[in-house]
Amino acid sequence: MLHSKIRYVVAIILLLMCGVHSVAQAIQEDRSRISRANSEPENWLSHGRTYDEQRYSPLNKINKENIKQLGLLWSYEFPTSRGKEATPLMVDGTIYLTGSWSVVYAFDAKTGRLLWTYDPSVPRELAGTFCCDVVNRGVAFWQGKIFVGTLDGRLVALEAATGKRLWSVNTVPEGKSYSISGAPRVVKGKVIIGNGGAEMSVRGFVSAYDVDTGERLWRFYTIPGNPAQGFEAPELKMAAKTWSGEWWKFGGGGTAWDSFAYDSKHDLLYIGVGNGSPWSHIQRSNGKGDNLFLSSIVAVRPDTGEYVWHYQTTPKDSWDYTATQHMILADMVIDGESREVIMQAPKNGFFYVIDRLTGKLISAEKYTTVTWASHVDLKTGRPVENPDMHYGSEQAKVIFPSALGGHNWQPMSYSPDSGLVYIPAHNIPGVYRQDTEFGVRKSYWQNGTAWVESSLPEDPKSISDANEIIYGELVAWDPVAQQAKWKVKFPNVWNGGILSTAGGLVFQGNAEGVFVAYEDSTGEVLWEFNSESGIIASPISYSLDGVQYVAVISGWSASYGSAAGTLATRSRGFGKVNRLLVFALGGTAELPPEVNQLKSVDPVVLTYPVDEEKAAKGKSHYMHNCYFCHGDNVVSSSSIPDLRYLSAGKHEIFSKILLDGLFQSAGMPSFKGRLTEEEAELIRQYIVRKTIMSFGSKDKVSTP
């Protein structure tokens, strides 16, 4: 009897152990779901769909043969028209995405029904202390949770089914102008997040947090701090030998504000590191040393943040040539040998193919106009700089690419079918000269260059000339041959991210407000949709009940869209309504008619007396404080107000708006402590002068 009881208890224990094993196995399977994303191509589980960030969909029901049947199925109009940069996720029938001010939205992926929203309540008055606009590039999903980084530096976990907040942690030091605009990644139960703010004198780092509790598990600093305070890790002691002077007083930069990728086979997390603070290598580091790990790809262990290897794309960077741009992992045959590679087209204009296990350079060639360097030496892995590219304070230099890069944050895509990488590139020169008035000031844009010379000249011929040399391209790049197979040229820059599919298609939205499908091997335009608003975000494709969908967010602003002024207004898609657009074969929905809002210039402003000397001085203050949001030459191409249309009443209270924060709740920060009453008046004089120059007489009315 006793033995039978023992056998019974043992049997129960074995059953329980089997049950525990099954539960543990189920948990492990769920934890590795993104690693197996190709087994469920109907979903879009992570920022780049898969850990390798290829942005390629294996779905093919929408293809070259039937693409002309693609039509709008449903759309959602966002409540704000600020820039939209997010790549949506689609998980088990629900779309998750972010809009302006880090607000999270969840939609029924079939019907477009809004399921919930979460507003992290980012203080609107902080908008002027961050780079660049109030944008966000998306969320991460893991085990029924949604994770979002907020503009003011928090990491928030939400319940995916309801949007209920589960936990929130502040990821950045208090009182510093850090920001988050990039999408988190989740690897092995850890939420990985970086930050922005290099231009605001901060020190970059990447952090990992526990998905369930929000506990910080590790932090990897991308540059060394003050050596007198010790080093957080051995690699920082090594990196400090490549710096000079007292760089930590400037912050140093190196913020990892966008791209990550993960190799689950070799358990390596790849971090894209940004520019220095200030930009000039002379100001930042006495012109000495490579300044690791600025402008680098760094591989670390995701469990600990332990350094493994790095490759620096731009040693001693002086031009804001970040390596935060999209990174793609792929396996390919090069010179008859199978190689596991990481690919990147960073700002500096070269396309890199690197061994992703060792960090050794395989190849690098120019994918856009480049004048700062002639080539990359494959033996040393270093760029060969053209003479005299490190500018000083005497004479401004025009250099390709500009600080906006040959390619910026808009993601590229790799198709294993065509073997091509599709790059949303642009051709923009930059004007560089050291700012002789540079100094560290809290919450102040301080890259150390003379912004006044970045301004477009006022004469029509100069604007016409600029139109000829500034343009965008979709470049289909062969990473093995290291050359373009085909290109599509656009009349404007700042076009959208890319999606490639097994249907032989490449999707991209552009600044003209057109969403386009191209043939992947030739670049032939197969289908177009007038989205009305320009598109900078990346599309996705998903499937439900056997139906394939394509989704993209429209909304053109941020960075170039806000700052480029007259050049940006060339785009037909600026300043319009922002929407989530979802397409399917046979879709017949239509967008509501466009509403043209006529803006009139106050005749009183056009007759204001202008002090030319004050207006000339005001240009410098405008460029240092207002330019990045309100546009070059006081021409706004975004939803941020065009200051030429300020009423006489607002001119009367201009100092209250600028210094006292009268419109802080609308996102206009106070510049008290940064500008004096006298400087505010200089800026106002400059705005009046530009208004009169633009419209000429009190009888003229403009439609922007």
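These figures come from a predicted structure and were not determined experimentally.

Caption draft 1: Examining the overall build of the protein more closely. Helix and strand content of the protein: eleven helices and 39 strands. Counting across all 704 residues of the protein, residues that qualify as buried make up 62%. As displayed, the protein has an accessible area near 26,200 Å², and 52% of this comes from carbon and sulfur atoms.

Caption draft 2: Region of the structure containing the sheet that holds strand β36 (residues 525-530). One open sheet accounts for five strands, arranged β1-β33-β34-β35-β36; its pairing is mixed. Pairing within the sheet leaves two strands with one partner each, and these edge strands are β1 (56-57) and β36. Here five bridges tie strand β34 (residues 505-509) to strand β35 (residues 514-519), and the two strands are oriented antiparallel to one another. Counted as the bridge partner of Gly 509 is Phe 515 from β35.

Caption draft 3: Main features of the sheet that holds strand β13 (residues 205-210). Taken together, the four strands give an open sheet; going across it, the order is β11-β12-β13-β14, and neighbouring strands pair in antiparallel fashion. The two strands at the open ends of the sheet, each matched to only one other strand, are β11 (185-187) and β14 (216-221). When the angles between neighbouring strand axes are averaged without regard to direction, this sheet yields 25 degrees. With three bridges connecting them, β11 and strand β12 (residues 190-193) associate as antiparallel partners. Among the inter-strand pairings, Arg 185 is bridged to a residue of β12, identified as Ile 192.

Caption draft 4: The arrangement of the pairing of strand β39 (residues 579-585) in detail. Most of β39 sits out of view: six of its seven residues are buried. The pairing of strand β38 (residues 547-553) with β39 spans five bridges and is antiparallel. The residue bridging Ala 551 from the neighbouring strand is Val 582, located in β39.

Caption draft 5: Inspection of unusual backbone geometry at higher detail. The peptide bond linking Leu 292 to Phe 293 adopts the cis configuration, its omega dihedral lying at 0 degrees. Position of Phe 293 among the secondary structure elements: in the loop between α3 (281-285) and β19 (296-300). With an omega dihedral of -10 degrees, the bond running from Phe 400 to Pro 401 counts as a cis peptide bond. Residue position: Pro 401 is located in the loop between β27 (397-399) and β28 (413-415). Residue Asp 267 is not a glycine yet carries a positive backbone phi of 55 degrees. The topology assignment puts Asp 267 in the loop between β16 (260-263) and β17 (268-272). For Asp 267, a relative accessible area of 18% gives the class buried.

Caption draft 6: Geometry of helix α7 (residues 612-625). Its 14 residues give α7 an end-to-end C-alpha distance of 20 Å, which sits within 8% of 20 Å, the value for a rise of 1.5 Å per residue. Residue Gly 618 marks the point of greatest curvature in α7, where the axis turns by about 25 degrees. The secondary structure elements touched by the buried residues of α7 are α8 (627-630) and α11 (677-695). Where α7 starts, the residue carrying a side-chain oxygen 3.1 Å from the main-chain nitrogen of Glu 613 turns out to be Asp 611.

Caption draft 7: Region of interest: α11. The first and last C-alpha atoms of α11 sit 27 Å apart over 19 residues, in line with the 27 Å expected at 1.5 Å per residue. Here α11 has its buried residues at Ala 680, Leu 682, Ile 683, Arg 684, Gln 685, Tyr 686, Ile 687, Val 688, Lys 690, Thr 691 and Phe 695. Close packing links the buried residues of α11 with α6 (603-606), α7, α9 (648-652) and α10 (654-659). Backbone geometry just after α11 places Gly 696 at a positive phi near 75 degrees.

Caption draft 8: Representation of the packing of α7 against α11 within the structure. For the pair α7 and α11, interaxial distance at closest approach is 7 Å and the crossing angle is 105 degrees. The pairing of α7 with α11 is recorded here as roughly perpendicular in orientation. Here α7 contributes Glu 612, Lys 614, Ala 615, Lys 617, Gly 618, Lys 619, His 621 and Tyr 622 to the contact with α11, which in turn contributes Glu 679, Leu 682, Ile 683, Gln 685, Tyr 686 and Arg 689.

Caption draft 9: Up close: the confidence of the model for the protein. When pLDDT is averaged along the protein, the result is 89; 88% of the residues meet or exceed 70. The low-confidence segment residues 1-29, where pLDDT is below 50, has two contacts with residues more than four positions distant or belonging to other chains. Of the regions scoring below 50 in pLDDT, residues 698-704 engages in 16 contacts with residues more than four places distant in sequence or in other chains.

Caption draft 10: Region of interest: the environment of Gln 482. Secondary-structure assignment places Gln 482 in the loop between β31 (471-478) and β32 (483-490). Along the backbone, Gln 482 and Tyr 352 are 130 residues apart, and their C-alpha atoms lie at a distance of 8.9 Å. At 2.9 Å, the side chain of Gln 482 and the side chain of Ser 363 are in polar contact.

Caption draft 11: Broad picture of the packing of aromatic side chains. Scanning the entire structure with this criterion turns up 37 aromatic pairs. An angle of 80 degrees between the planes, with centres 5.2 Å apart, marks the rings of Phe 78 and Tyr 105 as edge-to-face. Linking Phe 78 in the loop between β2 (70-77) and β3 (89-91) with Tyr 105 in strand β5 (residues 104-108), this pair joins segments that are 27 residues apart in sequence. What makes Phe 78 buried here is its relative accessible area of 5%. Judged by relative accessible area, Tyr 105 falls into the buried class, the value being 6%. Measuring from ring centre to ring centre gives 5.9 Å for Phe 351 and Trp 477, while their planes differ by 35 degrees; the resulting arrangement is tilted.

Caption draft 12: Examining the side chain of Arg 356 more closely. Position of Arg 356 relative to the elements: it lies in the loop between β23 (350-355) and β24 (361-366). With relative accessibility at 6%, the residue Arg 356 sits in the buried group. A distance of 3.1 Å separates the side chain of Arg 356 from the side chain of Asp 331, its partner in a polar contact. Setting aside its immediate chain neighbours within four residues, Arg 356 contacts Asp 263, Leu 268, Tyr 270, Trp 309, Leu 329, Ala 330, Asp 331, Glu 340, Val 341 and Ile 342.

Caption draft 13: Focus on the nonpolar core. Judged by nonpolar contacts, the single largest core of 94 residues is most densely connected at Ile 95, Phe 507, Tyr 542 and Leu 580. Those residues within four positions of Leu 580 in sequence are excluded, and the remaining contacts are Trp 74, Ser 75, Tyr 76, Phe 78, Ile 95, Leu 97, Phe 107, Ala 551, Val 552 and Ile 553. Residues Ala 299, Tyr 311, Tyr 321 and Val 376 belong to the second largest nonpolar core, which totals 27 residues.

Caption draft 14: Region of the structure containing the pairing of β17. In terms of residue burial, β17 counts as a mostly covered element, since five of its five residues are buried. Note that β16 and β17 share four bridges and pair antiparallel. Pairing of Phe 260 across the sheet is with Ile 271, part of β17. Hairpin geometry of β16 and β17 is characterised by an intervening segment of four residues between the two adjacent antiparallel strands and by a positive phi of about 55 degrees at Asp 267. With four bridges joining them, β17 and β19 adopt antiparallel strand pairing. Bridged to Leu 269 within β19 is Val 300.

Caption draft 15: Highlighting the pattern of salt bridges. According to the stated counting rule, one finds 29 salt bridges in the structure shown. Here Asp 290 makes a salt bridge to Arg 382, at a shortest N to O gap of 2.8 Å. Of this pair, Asp 290 sits in the loop between α3 and β19 while Arg 382 is found in the loop between β25 (373-376) and β26 (383-385), placing the two residues 92 residues apart along the sequence. Looking at Arg 382, the relative accessible area reads 33%, which means it is partly exposed. Through salt bridges with shared partners, a single network forms among Asp 263, Lys 265, Asp 331, Glu 340 and Arg 356.

Definitions and cut-offs
Residues numbered from 1 in each chain as written. Predicted model: local features only at pLDDT ≥ 70, side-chain atom pairs only at ≥ 80, totals over all residues. Heavy atoms only, no water. Helix = DSSP H or I, 4+ residues; strand = E, 2+ residues; numbered from the N terminus. Buried < 20%, exposed > 50% of the residue type's maximum accessible area, 1.4 Å probe, protein only. Areas by Shrake-Rupley, 256 points an atom, 1.4 Å probe, with all protein chains shown as cover. Pairing = 2+ DSSP bridges. Axes fitted to C-alpha atoms, helices over the stretch in contact; angles between N-to-C directions. Expected span 1.5 Å × (residues − 1). Bend = angle between axes of the 7 residues up to and from the residue. Contact = heavy atoms within 4.5 Å. Polar contact = N/O pair within 3.5 Å; in protein donor to acceptor, adjacent residues only side chain to side chain. Parallel < 35°, antiparallel > 145°, perpendicular 65-115°, else oblique. pLDDT = per-residue confidence, 0-100. Phe/Tyr/Trp six-rings, centres within 6.5 Å; stacked < 30°, edge-to-face > 60°. Core = buried A, V, L, I, M, F, W, Y, C linked by side-chain atoms within 4.5 Å. Salt bridge = Lys/Arg side-chain N within 4 Å of Asp/Glu carboxyl O.

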